[in-house]
Number of protein chains: 2
Amino acid sequence: MDRKDYLERLEATTDEPDDFFEHVEQRSAAGRTHYVLTAARHGVERGTVIVEESESVVRGYPSVPRILVLDPGIPSFFEAGDTVAIEEKLDGFNVRVAVPGDEESDPLAFTRSGYVCPYTTDRARDLLPLEDFFADHPTKTLCTELIGPETPYTTHDYEGVDSHEFRVFDVRDRESGDPLSVADRRSLCAEYGFAQPRFFGRSEPSAAVETVRDAIDDLDAAGREGVVLKSADGESMVKYTTESQHHDELAYAFSLPFEHGRDFVFSRIVRDAFQAAESDETDDRLRERARALGESILRPMVSTIEDVRDGEPVGERHTVRGDPDAIDALFEHFDEQSLTIDRRSDRREDGERVVEFVKVAESSRDRIRYYLDGGTRDE
Amino acid sequence: MDRKDYLERLEATTDEPDDFFEHVEQRSAAGRTHYVLTAARHGVERGTVIVEESESVVRGYPSVPRILVLDPGIPSFFEAGDTVAIEEKLDGFNVRVAVPGDEESDPLAFTRSGYVCPYTTDRARDLLPLEDFFADHPTKTLCTELIGPETPYTTHDYEGVDSHEFRVFDVRDRESGDPLSVADRRSLCAEYGFAQPRFFGRSEPSAAVETVRDAIDDLDAAGREGVVLKSADGESMVKYTTESQHHDELAYAFSLPFEHGRDFVFSRIVRDAFQAAESDETDDRLRERARALGESILRPMVSTIEDVRDGEPVGERHTVRGDPDAIDALFEHFDEQSLTIDRRSDRREDGERVVEFVKVAESSRDRIRYYLDGGTRDE
């Protein structure tokens, strides 16, 4: 591998290969050697993958900044005169689907951190018209969200999604990461029959404030995550989320307090507090929000402590459904990542294999056990 | 200074002077040079001070571990058969008072981190019978809590304390840090007329569980902090706190969210959750606790955001009362620590000087201003 050459192709902001490649991990996936960037570095996104054999690059998905107030958050983020497109942000798992090789290669599904997930790859090939798309657009990446109650990663319920589905929210150049414009991407997805996130319209930045406010009210009432705003060319993006999403994430984090509690809690409180301050809530409304916040934090944690006390398993519960071999490959994939999986049931339903399992939360289980046994804390 | 000699006197767990002294800061206090350990290291407590001129040492106050459940927390922490003394833990400012010099030297008040606070020194000399005590016990340290609504550090209200008072909760050897036994210390303090924290009794460790449970219920109802349990010899200590204390601390932390929010929040939630789980609260009681938790987090933060929006000062508000020169020295002391102080009023009352001031919380003010102006967050 000519490492200097890859730095140029990635437009990295360093020309010292060692500076870049010290953050790169070698992994084996789909029978090939992948070099994966494990953290955003030198202008290149986390999860960027180099496939040595085919000399191809799959660019990582950029992290999306967040505004805490809509006004002046939106008008100060975008250029005056630009047209801002407003789309729903879904609570699922961000998966890039791309063909990092020659025309005979099959498409692969990459997680945000650059792993090839064999199960998600299988589901994408099954549920999305990938052959048609990649035959016409071999150098593109489909940026999708895997949503629904039955996925190995997230469990958020969406009306009309019984198990799991994909939504395509971006189409980018596989190597440069350059996005299609919002208009081109939406029509391209419609053309190939890819389901897309809800579109709330486009407008001048300052006029978008009201549109987003209304959209957020609707999404919040439906327990949905929020919105992403994009400049017309798709290059600039920013997100904003609902109260119910903040509280849902806290409930999740505090059901596994020693895995996620500390990392999640402050940022979600900050989001909620700025939202409350901007909307000038009445005292009753603020009390209601504060109480919901407190309940989303304390109840799941107390419940997890009780589970540990009662010897119940502690961790994320998931159900997956699909091809038996793909499900076996998923568990091998988890095994390679050193996850501890507790399989709760494994059955056939309508010709599909359905497995329920728990990703065991060892830190929470062990810390809680320690404190319940009388262990002390230095603070 | 023979640094090796000090390592031996401090019984440090290293005999490499550089390992120890790299954490030591040189400061000037009361006209002398103090060498202060800025973090607990090598078995020596944070805030330990060496006064070079008098070749004396003032040992730091040890950090007190915390249990999250009373049962088996108490019986597993103490030796079966030991007698555990239960005393109130006060929400004030931990100050050591000692005479680190020859007999002609005056007593000084040291903060937890080893600063000599000129104002607290003045108040201690004024309010405590230090001359009598140190004439008889020149090598002891009085470990005190400065409590009340008018102090430069904390503002917790205690019934019967109109401005500020001291409570002596420990008496230790100034150099070795060895404590008096609880019984000896309580009678010594009574003899010299030092006010002490409330005593809830002594008992065998497993019997202490019920005593502490009752004490915590009473203290919680009165909005007080909690208890410290000590072995009879005073060597082992452990603390446990009330729900109202957890919520008060969160309210304080989230009134200055970008100073304290992130550091405070997770630990207080953990304390509250284990307390709720141990007491097997009814669903109504748990809901009430969760709601109070949420209100203690969100309301102060929203209120601080509103203050920043309205151009109000943001920070800890304090009032100090006493000798005019001591108050000037306090503000010089804050200035040396690079604190930004906003004096709100400065008046005479009954022959005393009374100053109200705000310790300006620059991080909160500036971060909140940034987000209100539309700034983004990368998460």
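This one's a predicted model, so the numbers in the text were calculated from it and none came from an experiment.

Concerning the domain arrangement of chain A
All names here are of chain A. Domain annotation of chain A identifies domain 1 (1-58), domain 2 (73-87 + 204-239), domain 3 (244-309) and domain 4 (315-372). Taken together, the contacts link 10 residues of domain 3 with 12 residues of domain 4. A combined buried area of about 900 Å² lies between domain 3 and domain 4, and 72% of that area is made up of carbon and sulfur atoms. Per-residue buried area on domain 3 facing domain 4 is highest for Phe258, Glu259 and Val308; these three make up 58% of the total on that side.

Examining the pairing of strand 13 (residues 237-241) of chain B
Residue and element names in this part refer to chain B. Burial analysis of strand 13 places five of its five residues in the buried class, the great majority of the element. Along strand 13, one buried face is formed by Met237, Lys239 and Thr241 and the opposite face, lined by Val238 and Tyr240, is buried too. Count of turn residues in the strand 12 (residues 226-231)/strand 13 antiparallel hairpin: five residues, of which Gly234 carries a positive phi of about 80°.

Considering helix 8 (residues 243-255) of chain A
A rise of 1.5 Å per residue sets the reference length of helix 8 of chain A, with its 13 residues, at 18 Å; its end C-alpha atoms lie 18 Å apart and thus fit the reference within 8%. Listing the buried residues of helix 8 of chain A in full gives Glu243, Ser244, Gln245, His246, His247, Glu249, Leu250, Ala253 and Phe254 of chain A. Looking at the packing, one finds that the buried side of helix 8 of chain A touches helix 7 (205-221), strand 13 (237-241), helix 9 (257-278) and helix 10 (283-309) of chain A together with helix 9 (257-278) of chain B.

Digging into the packing of helix 10 of chain A against helix 12 (residues 362-372) of chain A
Residue and element names in this part refer to chain A. At a minimum axis separation of 10 Å, helix 10 and helix 12 run at an interaxial angle of 75°. Taken together, helix 10 and helix 12 sit at an angle that is classed as roughly perpendicular. Counting all contacts with helix 10, which are made through Thr304, Ile305, Val308 and Arg309, the residues of helix 12 involved are Arg365, Ile368, Arg369 and Leu372. The residue inventory of the contact of helix 10 with helix 12, partitioned by class, reads four nonpolar, one polar and three charged.

Details of the sheet that holds strand 3 (residues 49-51) of chain A
Residue and element names in this part refer to chain A. Across the sheet, which stays open at both edges, the four strands sit in the order 1-2-3-4 with antiparallel pairing between neighbours. Sheet topology places strand 1 (24-29) and strand 4 (56-58) at the edges, where each strand pairs with a single neighbour. Each strand of the sheet is rotated relative to its neighbour by a mean of 25°, with strand direction disregarded. In this sheet, strand 3 lies alongside strand 2 (residues 32-37) in antiparallel orientation, the contact comprising three bridges. Within the sheet, the bridge partner assigned to Val36 lies in strand 3 and is Val49.

Digging into the relation of the copies chain A and chain B
The operation relating chain A to chain B is a screw motion whose rotation component is 180°, with 0.0 Å of axial translation and a residual RMSD of 0.0 Å. A rotation of that kind, with that shift, is consistent with a two-fold axis. Mapped onto chain B, 100% of the interface residues of chain A are again interface residues, and the two copies thus contact each other with one and the same surface.

A short note on the sheet that holds strand 3 (residues 49-51) of chain B
Residues and elements named next belong to chain B. Read across the open sheet, the four strands follow the order 1-2-3-4; overall the sheet is antiparallel. Each of the sheet's edge strands pairs with one partner strand only, and the pair in question is strand 1 (24-29) and strand 4 (56-58). For this sheet the average axis-to-axis angle between neighbouring strands, irrespective of direction, equals 25°.

Structural notes on the interface of chain A and chain B
Note on interface size: it is often stated as the accessible area lost on association of the parts. Between chain A and chain B, the residue contacts involve 55 residues of the former and 55 residues of the latter. There are six salt bridges connecting chain A and chain B. Arg299 of chain A serves as the salt-bridge partner of Asp283 of chain B, at 3.1 Å between the closest nitrogen and oxygen. Between the two partners, chain A and chain B, sit 12 residue pairs in polar contact (both at pLDDT 80 or more). If one sorts the elements of the side of chain A that touches chain B by residue count, helix 10 of chain A sits on top with 17 residues. Taken together, the residues of the side of chain A that touches chain B sort by class into 29 nonpolar, eight polar and 18 charged.

Some thoughts on the packing of helix 10 of chain A against helix 9 of chain B
Where helix 10 of chain A meets helix 9 of chain B, the closest approach of the two axes is 9 Å, and the angle between their N-to-C directions is 55°. Classed by the angle they form, the pair helix 10 of chain A and helix 9 of chain B counts as oblique. Pair helix 10 of chain A / helix 9 of chain B crosses with right-handed handedness. Along its contact with helix 10 of chain A, which presents Ile297, Leu298, Met301, Val302, Ile305 and Arg309 of chain A, the element helix 9 of chain B presents Ile269, Val270, Asp272, Ala273, Phe274, Ala276 and Ala277 of chain B. Grouping the constituent residues of the contact of helix 10 of chain A with helix 9 of chain B by class yields 11 nonpolar, no polar and two charged.

The rules behind the values
- The numbers attached to residues start from 1 for each chain and follow its sequence in the written order.
- Each chain gets a letter, beginning with A, and each ligand a number, beginning with 1, in the order they are written.
- For a predicted model such as this one, the threshold for reporting local features is a pLDDT of at least 70, and the threshold for listing and counting side-chain atom pairs is 80 or more; totals across whole chains, interfaces and linings nevertheless cover every residue.
- Water and hydrogen atoms play no part in the side-chain values, which are based on all heavy atoms of the structure.
- Where each domain starts and ends follows an automatic or database-derived domain assignment.
- Here, residues are in contact when the closest pair of their heavy atoms is within 4.5 Å.
- The term buried area means the drop in 1.4 Å probe accessible area that two parts suffer when joined, counted for both and summed.
- Any residue under 20% of the maximum accessible area for its type is buried, any over 50% is exposed, and the rest in between are partly exposed; the area is computed with a 1.4 Å probe on protein chains only.
- Counting from the N terminus, the helices are DSSP H or I runs at least four residues long and the strands are E runs at least two residues long.
- Pairing between strands is defined by DSSP: at least two bridges between the two strands are required.
- Here the expected span of a helix is defined as 1.5 Å times the quantity of residues minus one.
- Note on geometry: axes are C-alpha line fits, over the in-contact stretch for helices, and angles between N-to-C directions span 0 to 180 degrees.
- Put simply, angles under 35 degrees are roughly parallel, angles over 145 are roughly antiparallel, angles from 65 to 115 are roughly perpendicular, and the rest are oblique.
- Throughout, the ten residues Ala, Val, Leu, Ile, Met, Phe, Trp, Tyr, Cys and Pro are labelled nonpolar, Asp, Glu, Lys and Arg are labelled charged, and all others, Gly among them, are labelled polar.
- Copies are brought into register by a least-squares superposition over C-alpha atoms of residues with pLDDT of at least 70 in both.
- The rule for a salt bridge is simple: a side-chain nitrogen of Lys or Arg has to be within 4 Å of a carboxyl oxygen of Asp or Glu.
- In protein, a polar contact requires one atom able to donate a hydrogen and another able to accept it; more generally it is a pair of N or O atoms within 3.5 Å, and residues adjacent in sequence count only if both atoms are side-chain atoms.
- Note on convention: near helix rotated counterclockwise from far helix by under a right angle means a left-handed crossing. Clockwise means right-handed.

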